[in-house]
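A structural walkthrough
Listed here are the chains, written in short residue letters.
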Amino acid sequence: MNNNLYKNICLICFKNLNEEISLFSFFKLNQKICFNCLNKFKIINKSIIFNNIEVHFLYEYNSFMKTLIYTYKGCYDIKLKEVFLYQFYKQIKAKYKNYTIIFPPSYKDDDLNRGFNHIEEIVKTLNMKYEKLFYKCINYKQSDQKYVNRKDIKKIIKIKDDVIITNKKYLIIDDIFTSGSTIKSIVDLLIKSHVKKENIKALIIAKTSQNVEL
């Protein structure tokens, strides 16, 4: 794929960005998406304490975000990896400078079919240290489960046998927060591996309207 084709167009709607160059320059943004698409993101940018750890939410899971994530994950549009953390690069790098990023696993067959791990590709855009610590023992998708059954994810996510968990600072990054069961499962695994709870934080791209309030 020729990356030059994407240099001057919005990664979401493919609008020509040349007419917006001066505006992006004024705000000192490295343009990837147009202002029209930028305005469709419903920003939260707030933290809560969930399961005794700090969880920071970037966006609301609105219809625009739902379509965007589906296009990225379900239609394999890997270029969209660059848009999810786009507005918060500096904030994330400063706030979590000394953290090692980890993330929930996908089932291996999903990654093979897609050709990439969707969270890992988003994480790579930060150019920060990350580790792949977990795997799913069976094919199980949270999005296919009823809300009350999402806690069963704790039986599915496991720590890889060949990794060593140390008591460093870990930042869990995930795309969607609904019940919080995935975050809780990962936190529990880390604590069982002797990581202190105060050394664990989470960053969520999009929060649904269910469960915890901000």
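The notes below deal with the structure included here. Only a predicted model underlies this, so the values are computations on that prediction, with no experimental measurement involved. (Residues numbered from 1 in each chain as written. Predicted model: local features only at pLDDT ≥ 70, side-chain atom pairs only at ≥ 80, totals over all residues. Heavy atoms only, no water.)

1. Things to note about the packing of aromatic side chains
Summed over all chains, the structure comprises nine aromatic pairs. Here the aromatic rings of Phe 57 and Phe 177 are separated by 5.1 Å at their centres, their planes lie at 80°, and the arrangement is edge-to-face. Residue Phe 57 is located in strand S2 (residues 53-60), and its partner Phe 177 is located in strand S6 (residues 170-177); the two are separated by 120 residues in the primary sequence. Of the two residues examined, Phe 57 and Phe 177, each falls in the buried class. Note on Tyr 59 and Phe 88: the rings are 5.5 Å apart at their centroids and 70° apart in plane angle, and the pair reads as edge-to-face. Taken together, the positions of Tyr 59 in strand S2 and Phe 88 in the loop between helix H3 (63-73) and helix H4 (89-95) put the pair 29 residues apart, joining distant regions of the chain. Residue Tyr 59 is classed as buried on the basis of its relative accessible area of 0%. Linked through ring pairs, Phe 41, Tyr 59, Phe 64 and Phe 88 together constitute an aromatic cluster. (Phe/Tyr/Trp six-rings, centres within 6.5 Å; stacked < 30°, edge-to-face > 60°. Helix = DSSP H or I, 4+ residues; strand = E, 2+ residues; numbered from the N terminus. Buried < 20%, exposed > 50% of the residue type's maximum accessible area, 1.4 Å probe, protein only.)

2. A few points about the pairing of S6
Buried residues dominate S6, accounting for seven of its eight residues. As judged from the three bridges shared by strand S3 (residues 100-102) and S6, these two strands associate in the parallel manner. Across the sheet, the residue bridging to Ile 102 is Ile 172, located in S6. Bridge count for S6 against strand S7 (residues 200-207) is seven bridges, and the pairing is parallel. Residue pairing for S7: Asp 174 is matched across the bridge by Ile 204. (Pairing = 2+ DSSP bridges.)

3. Focus: the side chain of Asn 117
Checked against the element boundaries, Asn 117 lands in the loop between helix H5 (108-114) and helix H6 (118-124). Within the local environment of Asn 117, its side chain forms a polar contact with the side chain of Asp 111, the two groups lying 3.2 Å apart. Of note is the side chain of Asn 117, whose polar atom sits 3.1 Å from the backbone nitrogen of Ile 119. (Polar contact = N/O pair within 3.5 Å; in protein donor to acceptor, adjacent residues only side chain to side chain.)

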